[in-house]
Amino acid sequence: METTLNGSMSLMIQEGKIPGFEQFFYTFSPNNYPNDALILNQFVCNVTFTTFPNDTHSFNKYGDPPARFDIIKWLFSPRHHIVTRKVGSFNVSDHEAQFYINHSADLWGPLFNMIPQSLCNEPCAPGYRKSKREGAPSCCYDCVPCVDGEMSNTSDSPKCFKCPEYQMSNKERTACVSKFINYLSYEDTLGASLASVALMLFLTTSTVQGIFVKYWETPIVRANNQNLSCLLLISLMLCFLCTLLFIGRPTQICCLLRQVTFGIVFTISVSSVLAKTLTVIIAFNATKPGSKLKKYVGTQLAIVLVIICSLGKIGISTMWMASCPPFLEADMFSEMDTIILKCNEGSVTFFFCIIGYIGTLALLSFIAAFLAKDFPDRFNEAKNITFSMLGFCSVWGAFVPAYLSSKGSRMVAVEIFAILSSSAGLLGCIFAPKCYIIFIRPELNTRVVVVARNQ
């Protein structure tokens, strides 16, 4: 409250900027004394008297009259037009105080139906917070929108409130809503496409397996160890199926199984290829006079090699699971509006040990196949193995930087793509030529032609 003097004493009780008017306030104005009565003669103390027409006046022991004011509404328009209207009174004496408002009077009209606010600006809407203006009155402030991850759901909020970690602010910043959950889903185009490709390759490999069983005794199947070919086809089918463990909402069991399963079946596949190549090398050198390799010709050495290679992979996996096993992780910080569900590999070192172990076997297979590619053997598949291992090593060599630079579902998709493409390369390079001879050139798949080639 502040006191103003403008010809007659008045007491201002409220002031504010109102649309259409420069000022809007109420004043208390003396209503019962002539101007000469306000002169506060100090010798007139404890006096009560009556004036015409029957108005009673009194002064207290200090010579002060009782406070009696009219409450007047003032409206000031931009064109200097003033509207005043009495709406009540306020009387104070030594014994009591009376405050009277005439409710029948139009207190806030004609422009308002409720008390106007004394503010420099409109209240801040939900989604905003108040920001004080430097050097301005406390009623003057700016409205600042809440930042991502914060919200305000009331008007004139003094601050924005941070959303919980698993939630984010909506577009209007007026509420916290659940974050999007990101993982490679079967409903996603990418996830559905990879799953479809995996199933198609599995069915293709199963068909090739059926073809080899049907033509089991033909020279093209018997060449280069038919048992190893069967084992390789089975492991390739499992390679295609294991990619399904990477698609869908991850669980703790999937996180534990998928890298171990992938590592074991891939180790069997690559070690089978290595065994097939070594079988060709041993068989060729065993034909030389005085060679001691004749006792190693057959399937036993190949099976032993596959078992030894697989045991090495099992040993690495066992240490991995015992020390730092993979676990399900919800990444809430990489992206503001998304929770990334992923399998944390537990130990990056063990993960890349698995990749390196398989890569080493593939490199050995490539070297062995390259050395045996010119051997004069029946249906020599060393050249095909050379190309398959070259493609295999190229895929997994590109996998490492692509995997490390990816996040969320893209990281999983990169690994699935590497598994599918490298396995498909093995299937196509090694078995497509055999199927070509079986169906397109069956005349080459006869004992007469084989004998003729060996003579």
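Residues numbered from 1 in each chain as written. Predicted model: local features only at pLDDT ≥ 70, side-chain atom pairs only at ≥ 80, totals over all residues. Heavy atoms only, no water.

You'll find the protein entered in an unreviewed UniProt entry as Vomeronasal type-2 receptor 26-like, with Xenopus tropicalis given as the organism. Database annotation for the protein, UniProt heading Subcellular location (unreviewed entry): "Cell membrane". (UniProt positions renumbered as here; feature names shortened; annotations may be inferred.)

Q: Sorry, what's going on with the pattern of salt bridges here?
A: Two side chains carrying opposite charge are able to pair once their charged atoms lie near each other. Considering all chains together, one arrives at 6 salt bridges under this definition. The residue Glu329 makes a salt bridge to Lys342 at a minimum N-O spacing of 3.8 Å. Pair noted here: Glu329 is in strand E16 (residues 327-335) and Lys342 is in strand E17 (residues 338-344), with a separation of 13 residues, a long-range link. Judged by relative accessible area, Glu329 falls into the partly exposed class, the value being 26%. (Salt bridge = Lys/Arg side-chain N within 4 Å of Asp/Glu carboxyl O. Helix = DSSP H or I, 4+ residues; strand = E, 2+ residues; numbered from the N terminus. Buried < 20%, exposed > 50% of the residue type's maximum accessible area, 1.4 Å probe, protein only.)

Q: What is the right way to read the packing of aromatic side chains from this model?
A: Between two aromatic rings, the relevant description is the distance of the centres plus the angle of the planes. Taken as a whole and assessed by the stated rule, the structure comprises 13 aromatic pairs. An angle of 65° between the planes, with centres 5.9 Å apart, marks the rings of Phe90 and Phe99 as edge-to-face. With a centroid separation of 5.4 Å and an interplanar angle of 75°, the aromatic rings of Phe212 and Phe431 are classed as edge-to-face. One end of the pair, Phe212, is in helix H1 (residues 189-214); the other, Phe431, is in helix H8 (residues 409-439), with 219 residues separating them in the sequence. Across the pair, exposure class does not vary: Phe212 and Phe431 are buried alike. Among the aromatic side chains, those forming a connected cluster through ring pairs are Phe262, Phe266, Phe351, Phe352, Phe392, Trp396, Phe399 and Tyr403. Positioned over the ring face of Tyr141 is Lys130, at 5.0 Å from the centre of the ring. (Phe/Tyr/Trp six-rings, centres within 6.5 Å; stacked < 30°, edge-to-face > 60°. Lys NZ or Arg CZ within 6 Å of the ring centre and 35° of its normal.)

Q: Please explain the packing of helix H5 (residues 300-323) against helix H6 (residues 348-372) as it appears in this structure.
A: Between two packed helices, the angle of one axis relative to the other and the distance separating the axes together describe the packing. Packing of H5 against H6 leaves a shortest axis separation of 10 Å and a crossing angle of 175°. Of the possible angle classes, the one that applies to H5 and H6 is roughly antiparallel. Within the contact between the two elements, H5 uses Ile308, Cys309, Gly312, Lys313, Ile316, Ser317, Met319, Trp320 and Ser323 and H6 uses Phe350, Phe351, Cys353, Ile354, Tyr357 and Leu361. Taken together, the residues that form the contact of H5 with H6 break down as 11 nonpolar, 3 polar and 1 charged. (Axes fitted to C-alpha atoms, helices over the stretch in contact; angles between N-to-C directions. Parallel < 35°, antiparallel > 145°, perpendicular 65-115°, else oblique. Contact = heavy atoms within 4.5 Å. Nonpolar A, V, L, I, M, F, W, Y, C, P; charged D, E, K, R; others polar.)

Q: Just to check I follow, could you spell out the confidence of the model for the protein for this structure?
A: Residues shown with low pLDDT carry predicted positions that ought not to be read at fine detail. On average, the protein scores 81 in pLDDT, and the residues at 70 or more come to 82%. Below a pLDDT of 50 lies the segment residues 1-24, which in the model reaches 67 contacts outside its immediate sequence neighbourhood of four places, other chains included. Per-residue pLDDT stays below 50 along residues 33-39; that stretch engages in 6 contacts with residues further than four places along the chain or on separate chains. (pLDDT = per-residue confidence, 0-100.)

Q: Explanation requested: H6 in the structure shown.
A: Given 3.6 residues to a turn, an α-helix orients residues that are three or four positions apart in the same direction. An ideal rise of 1.5 Å per residue puts 36 Å on 25 residues; H6 measures up with 36 Å between its terminal C-alpha atoms. Buried within H6 are the following residues: Phe351, Ile354, Ile355, Ile358, Leu361, Ala362, Ser365, Ala368, Ala369 and Ala372. (Expected span 1.5 Å × (residues − 1).)

Q: Help me out: how do you make sense of the UniProt feature "transmembrane region" (unreviewed entry) in the protein in this one?
A: UniProt records the feature "transmembrane region" (unreviewed entry) at residues 194-216, 228-248, 260-284, 296-328, 348-372, 384-404 and 416-439, using the numbering of this structure. Secondary structure content for residues 260-284 is 100% helix and 0% strand, while the C-alpha to C-alpha distance between its ends is 36 Å. Helix makes up 100% of residues 384-404 and strand 0%, and the two end C-alpha atoms of the span are 31 Å apart.

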